[in-house]
Amino acid sequence: MVAFEQICKASMSVALAVGTTTGFGVRFIHELGTKEQKDKYLPLIAEGKFKTCMALTEPGGGTDILGALSTFAEDKGDRWVIDGQKIFITGAHVSDSLITVCKTEKNAKKSQSWTTIMVPRETPGITIRKNRENQLPSL
């Protein structure tokens, strides 16, 4: 935190990049990942050779993620099949992997049965577009 505080004082742009990396990747992998995932990805992230993002917000829910999470992941034995849509994913266009939050039980209460799955960006079926709605028009 002491180092991060100094980064924030020097440059909020750099601080946001560091915060995104630690909050949307390192923490998930460190706390929820397998030993193999930690051994493989944490050093790569520290070296700047692997980037992650968090896919959480959905079109129908806005900021009501507790009540509106509808992306569903089904365990098919040898793979997970994810059905849903995510929006406003900071850094998705440059990430190597998307930390994706899904429901895994159809009849669970709205804020239960959440599963976090690390999805490689190149996975078939994923479409990533940069948001252009908030850009100023050219003069």
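Structure: above.
Residues numbered from 1 in each chain as written. Predicted model: local features only at pLDDT ≥ 70, side-chain atom pairs only at ≥ 80, totals over all residues. Heavy atoms only, no water.

### What to know about the overall build of the chain
The helix and strand tally for the chain stands at four helices and five strands. Across its three principal axes, the chain shows a C-alpha extent of roughly 50 × 45 × 30 Å. A buried classification covers 25% of the 139 residues belonging to the chain. Accessible surface computed for the chain: about 10,000 Å², of which carbon and sulfur atoms make up 55%. (Helix = DSSP H or I, 4+ residues; strand = E, 2+ residues; numbered from the N terminus. Buried < 20%, exposed > 50% of the residue type's maximum accessible area, 1.4 Å probe, protein only. Areas by Shrake-Rupley, 256 points an atom, 1.4 Å probe, with all protein chains shown as cover.)

### A look at the packing of aromatic side chains
If you walk through the whole model with that rule in mind, you get one aromatic pair. Ring plane angle 35° and centroid distance 4.6 Å describe the contact between Y41 and F50, whose orientation is recorded as tilted. In this structure, K106 packs its charged tip against the face of F72, placed 4.2 Å from the ring centre. (Phe/Tyr/Trp six-rings, centres within 6.5 Å; stacked < 30°, edge-to-face > 60°. Lys NZ or Arg CZ within 6 Å of the ring centre and 35° of its normal.)

### Describing the layout of surface pockets
If you add up the space inside the second largest pocket, you get close to 160 Å³. In this structure, the second largest pocket is lined by F28, I29, L32, G33, Q37, I99, T116, I117 and M118. Where the lining of the second largest pocket is concerned, the elements lending two or more residues are α2 (12-32) and β5 (114-120). A per-class count over the lining of the second largest pocket returns six nonpolar, three polar and no charged. (1 Å grid on protein atoms, 1.4 Å probe; cavity = no way out; pocket = protein on both sides within 12 Å on 5 of 7 lines; lining within 4 Å. Points joined across faces, edges and corners; volume = space filled by probe spheres on them. Nonpolar A, V, L, I, M, F, W, Y, C, P; charged D, E, K, R; others polar.)

### Side note on the packing of helix α1 (residues 2-10) against α2
Two elements in contact, α1 and α2, have axes separated by 6 Å at closest approach and are oriented at 140°. Relative to α2, α1 is oriented oblique. In this structure, α1 uses F4, I7, C8 and A10 to contact α2, whose residues at the interface are M12, V14, A15, V18 and G19. Considered class by class, the residues forming the contact of α1 with α2 number eight nonpolar, one polar and no charged. (Axes fitted to C-alpha atoms, helices over the stretch in contact; angles between N-to-C directions. Parallel < 35°, antiparallel > 145°, perpendicular 65-115°, else oblique. Contact = heavy atoms within 4.5 Å.)

### Overview of the packing of α2 against helix α3 (residues 35-46)
Between α2 and α3, whose axes approach to 9 Å, the crossing angle comes to 160°. With respect to α3, the element α2 is oriented roughly antiparallel. Seen along the crossing, α2 lies across α3 with a hand that is left-handed. Across the interface between the two elements, T21, V26, I29 and H30 of α2 pack against Q37, K38, Y41, L42 and I45 of α3. Tallied by class, the residues present in the contact of α2 with α3 amount to five nonpolar, three polar and one charged. (Left-handed = near helix turned anticlockwise from the far one by under 90°.)

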